[in-house]
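Examining the three-dimensional arrangement
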Amino acid sequence: MNTDSISFSPTITVVDDDPSLLNVMTMLLQHIGAVPITFPDGVSALNHLKQNTPDLIILDLMLPDINGLDVLRIVRRMRHLDYTPVLIMTAYADPDFVRQGMELGADSYVTKPYLANSLIDHVRLLLKVGRRPSKSSPPPSLDKSS
């Protein structure tokens, strides 16, 4: 058995407008046993995410149709994605973009160009630990009728 593989076949949504990067990401993620589903723009990714719950979302910020931060805002309003971690992968290295992405609910941030091993380490960690929604869950109700 390949020791580089993860123990299950997670589905990972990858959103980036660069076709060559999507090809590389597909190969890297398949190499570790993941099932990548790629999208070249934010609108098609959001349409997919309305009906699907991946194990991880990898999101570029520079998209042709909608800003990646806006995609992240919308994703974080989708209740079925509360526990889906988001990894921002972008050429923006500005600390303000990092802060803004993390405040909007990103769980990790990788800048391009990236090292394949570093990216895979981030992916593995996020798949292992998942995410906790930023908003605390309401306390369980006490049913006094029983």
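Above this note sits the structure.
About the thresholds
- Residues numbered from 1 in each chain as written.
- Predicted model: local features only at pLDDT ≥ 70, side-chain atom pairs only at ≥ 80, totals over all residues.
- Heavy atoms only, no water.
- Helix = DSSP H or I, 4+ residues; strand = E, 2+ residues; numbered from the N terminus.
- Salt bridge = Lys/Arg side-chain N within 4 Å of Asp/Glu carboxyl O.
- Buried < 20%, exposed > 50% of the residue type's maximum accessible area, 1.4 Å probe, protein only.
- Polar contact = N/O pair within 3.5 Å; in protein donor to acceptor, adjacent residues only side chain to side chain.
- Contact = heavy atoms within 4.5 Å.
- Axes fitted to C-alpha atoms, helices over the stretch in contact; angles between N-to-C directions.
- Parallel < 35°, antiparallel > 145°, perpendicular 65-115°, else oblique.
- Left-handed = near helix turned anticlockwise from the far one by under 90°.
- Nonpolar A, V, L, I, M, F, W, Y, C, P; charged D, E, K, R; others polar.

This part is about unusual backbone geometry. The amide bond that connects K112 to the next residue, P113, takes the cis arrangement and shows omega of -5°. Mapping P113 onto the fold places it in the loop between β5 (108-111) and α5 (116-129).

Bringing the pattern of salt bridges into the picture now. One pass over the structure, following the stated rule, counts eight salt bridges. Among the salt bridges present, the one from D96 reaches R99, with a minimum N-O distance of 3.8 Å. With D96 and R99 both in helix α4 (residues 95-103) and three residues apart, this pair spans about one turn of that helix. Since its relative accessible area comes to 45%, D96 is described here as partly exposed. Salt-bridge contacts for R99 lead to E103; the nearest nitrogen and oxygen are separated by 3.2 Å. Residue R99 and its partner E103 are located together in helix α4, separated by four residues, close to a single helical turn. Here R99 falls in the partly exposed class, since its relative accessible area comes to 41%. Residues joined in a network through salt bridges with shared partners are D16, D60 and K112.

All right, on to the side chain of R131 then. One can find R131 in the segment after α5. We classify R131 as buried; its relative accessible area is 10%. There is a polar contact of 3.0 Å between the side chain of R131 and the side chain of D107. Each residue touching R131, except ones within four places of it in the same chain, is listed here: R76, D82, Y83, T84, P85, G105 and D107.

Now for the environment of T13. Along the polypeptide, T13 turns up in strand β1 (residues 11-15). By relative accessible area, which is 0% here, T13 ends up buried. The spatial distance from the C-alpha of T13 to the C-alpha of V86 is 9.4 Å, given a sequence separation of 73 residues. Apart from residues no more than four positions distant in its own chain, T13 is found in contact with I37, F39, H48, L49, P54, L56, I57 and I58.

Right, let's talk about the packing of helix α1 (residues 19-31) against α5 for a bit. Running from N to C, α1 and α5 point in directions that differ by 60°, and their axes come no closer than 11 Å. Of the possible angle classes, the one that applies to α1 and α5 is oblique. Along this stretch, α1 crosses α5, giving a crossing that reads as right-handed. Listed contacts from α5 to M25, L28 and L29 of α1 are A116, L119, I120 and V123. Taken together, the residues of the contact of α1 with α5 break down into seven nonpolar, no polar and no charged.

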